[in-house]
Structure formats: C-alpha cells, structure tokens
Amino acid sequence: MDLCHPEPTELSSGETEELQRIKWHRKQLLEDIQKLKDEIADVFAQIDCFESAEESRMAQKEKELCTGRKKFNMDPAKGIQYFIEHKLLTPDIQDIARFLYKGEGLNKTAIGTYLGERDPVNLQVLQAFVDCHEFANLNLVQALRVVKAKARV
C-alpha cells in the first residue's frame, strides 16, 4: 500500500471528500501562485520600462547640457537663454550666478564676457556671482588670489 497515494477503494467516503477538498485547495493555491508569478513579472517589466525611460531622460538632459555649454561658450547670452528655455536653469539671478560660479564645462572667458555686459540683469548676476565667493577674514591680496585661483579652475 502506497501511503502517499492510497487506492480510492481503501478510503471511506469522508476521506474521499476530504481528499477532493485538499486537491481542490491545492489547485487553487497553484493558480494563485501562478497569478502572483505573472504579477511579479509585470512589475519587473514596468520597472525595466521606468528605468529605460529615466535613462533616456538623463541622456536627453546630458545632451541638452552639452549643447547649452557649447552655445554659452560661443555666445554667453544665447547660452543662458538656451539653458532657461530648456529648463536646465531658472531665470533667477541667484541660480544663474551659482551656475556660472560652478562653471562646469564653461569657458572662463565666456563667463567674464557675460558678467562684463552692462545690461541690468548681467550686473545683478555679477553682484550675485561675487557674493558666491567667500572673502571673509581675507585682506585684499588674499581675496584677489581667491578670485584668480577660481578663474584658473
């Protein structure tokens, strides 16, 4: 006699009903497990889709930053306008000044050209740009060295 799979003739009617209920529950559990597997696969597919979209957005943003830097280095005013139009930079004076202060990928001469314009906006950006520097507790010579060192970076 096989204890795992007894012959149906060896079972009482109550045991047969219980066996049928167990088989039905087993079938339901297997179906539920398959549904969960399918849902998990769908979630992983959505995650892959989101990651691809995010990578695409990041690549697009990096491309726009590169284009903006090139435009800025050729014509600073048009470069700043490009950054603002593509929402890589806000038109806020402080944001523009911090962006120029960081100067990532920007030509120092182009930064100087932009800050040297006599337009009221450029003068405000110049003031905010100077405010980005830390001159506390420095004498004039030391402060000029800080500015010179920043210009070399």
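Residues numbered from 1 in each chain as written. Predicted model: local features only at pLDDT ≥ 70, side-chain atom pairs only at ≥ 80, totals over all residues. Heavy atoms only, no water.

Draft legend 1. Seen up close, helix α5 (residues 120–132). Relative to the 18 Å expected for 13 residues at 1.5 Å per residue, α5 spans 19 Å between its end C-alpha atoms, a close match to the ideal helical length. The set of residues buried in α5 consists of Asn-122, Val-125, Ala-128 and Phe-129. One side of α5 holds all its buried residues, which, seen down the axis, span an arc of 120°. Set apart from the buried face of α5 by more than 90 degrees, the exposed residues are Pro-120 and Asp-131. Turning to α5, the residues buried within the fold contact α3 (93–102) and α4 (108–116). Sitting at the amino-terminal end of α5 is Asp-119, which places a side-chain oxygen 3.0 Å from the backbone nitrogen of Val-121. (Helix = DSSP H or I, 4+ residues; strand = E, 2+ residues; numbered from the N terminus. Expected span 1.5 Å × (residues − 1). Buried < 20%, exposed > 50% of the residue type's maximum accessible area, 1.4 Å probe, protein only. Arc of directions from axis to C-beta. Contact = heavy atoms within 4.5 Å. Polar contact = N/O pair within 3.5 Å; in protein donor to acceptor, adjacent residues only side chain to side chain.)

Draft legend 2. Fine view of a nonpolar patch on the surface. A surface patch of nonpolar side chains, amounting to about 460 Å² of accessible area, comprises Leu-36, Ile-40, Val-43, Phe-44 and Ile-47. Note on placement: Phe-44 falls in helix α1 (residues 13–74). Under the relative-accessibility criterion, Phe-44 is labelled exposed at 52%. (Patch = residues over 30% accessible without salt bridge, like charges linked within 9 Å, V, L, I, M, F, W, Y side chains within 5 Å. Areas by Shrake-Rupley, 256 points an atom, 1.4 Å probe, with all protein chains shown as cover. Salt bridge = Lys/Arg side-chain N within 4 Å of Asp/Glu carboxyl O.)

Draft legend 3. Molecular detail of the UniProt feature "coiled-coil region" (unreviewed entry) in the chain. In the numbering used here, UniProt assigns the feature "coiled-coil region" (unreviewed entry) to residues 19–53. Annotated as residues 19–53, this span is 100% helix and 0% strand, and its ends, taken at the C-alpha atoms, are 51 Å apart. (UniProt positions renumbered as here; feature names shortened; annotations may be inferred.)

Draft legend 4. A look at the confidence of the model for the chain. Taken over all residues, the pLDDT of the chain has a mean of 89, while the share at 70 or more is 92%. When pLDDT is averaged over each helix and strand of the chain, the minimum, 76, is found for helix α6 (residues 140–152) and the maximum, 96, for helix α2 (residues 76–85). (pLDDT = per-residue confidence, 0-100.)

Draft legend 5. Region of the structure containing the UniProt feature "domain: SEC7" (unreviewed entry) in the chain. According to UniProt, the feature "domain: SEC7" (unreviewed entry) maps to residues 54–145 in the numbering used here. Segment residues 54–145 splits into 75% helix and 0% strand. End C-alpha atoms: 42 Å apart.

Draft legend 6. Looking closely at the pattern of salt bridges. A full pass over the atoms with the stated rule returns five salt bridges. Note that Glu-54 and Arg-57 form a salt bridge whose closest N and O atoms lie 2.8 Å from each other. You can see Glu-54 and its partner Arg-57 sitting in helix α1, three residues apart, about one turn around the helix. Classification of Glu-54 by relative accessible area gives partly exposed; the value is 36%.

Draft legend 7. A look at the side chain of Glu-64. Here Glu-64 is to be found in helix α1. No salt bridge is formed by the buried Glu-64. Its closest oppositely charged neighbour is Lys-61, at 8.1 Å. Apart from the residues within four sequence positions on either side, Glu-64 is in contact with Tyr-82, His-86 and Leu-88. (Lys, Arg positive; Asp, Glu negative; His and termini not counted.)

Draft legend 8. Structural view of unusual backbone geometry. The residue Lys-87 is not glycine, and still its phi comes out positive at about 55°. Given the relative accessible area of 74%, Lys-87 is considered exposed. Its identity as a non-glycine residue notwithstanding, Asn-137 has a phi of 60°, on the positive side.

Draft legend 9. Layout of α3. Regarding α3, the residues found buried are Ile-93, Ile-96, Ala-97, Phe-99 and Leu-100. Buried residues along α3 cover an arc of 160° about the axis, so they all sit on one side. Its buried side turned inward, α3 meets α1, α2, α4 and α5. Its side-chain oxygen 3.2 Å from the backbone nitrogen of Gln-94, Asp-92 forms the N-cap of α3.

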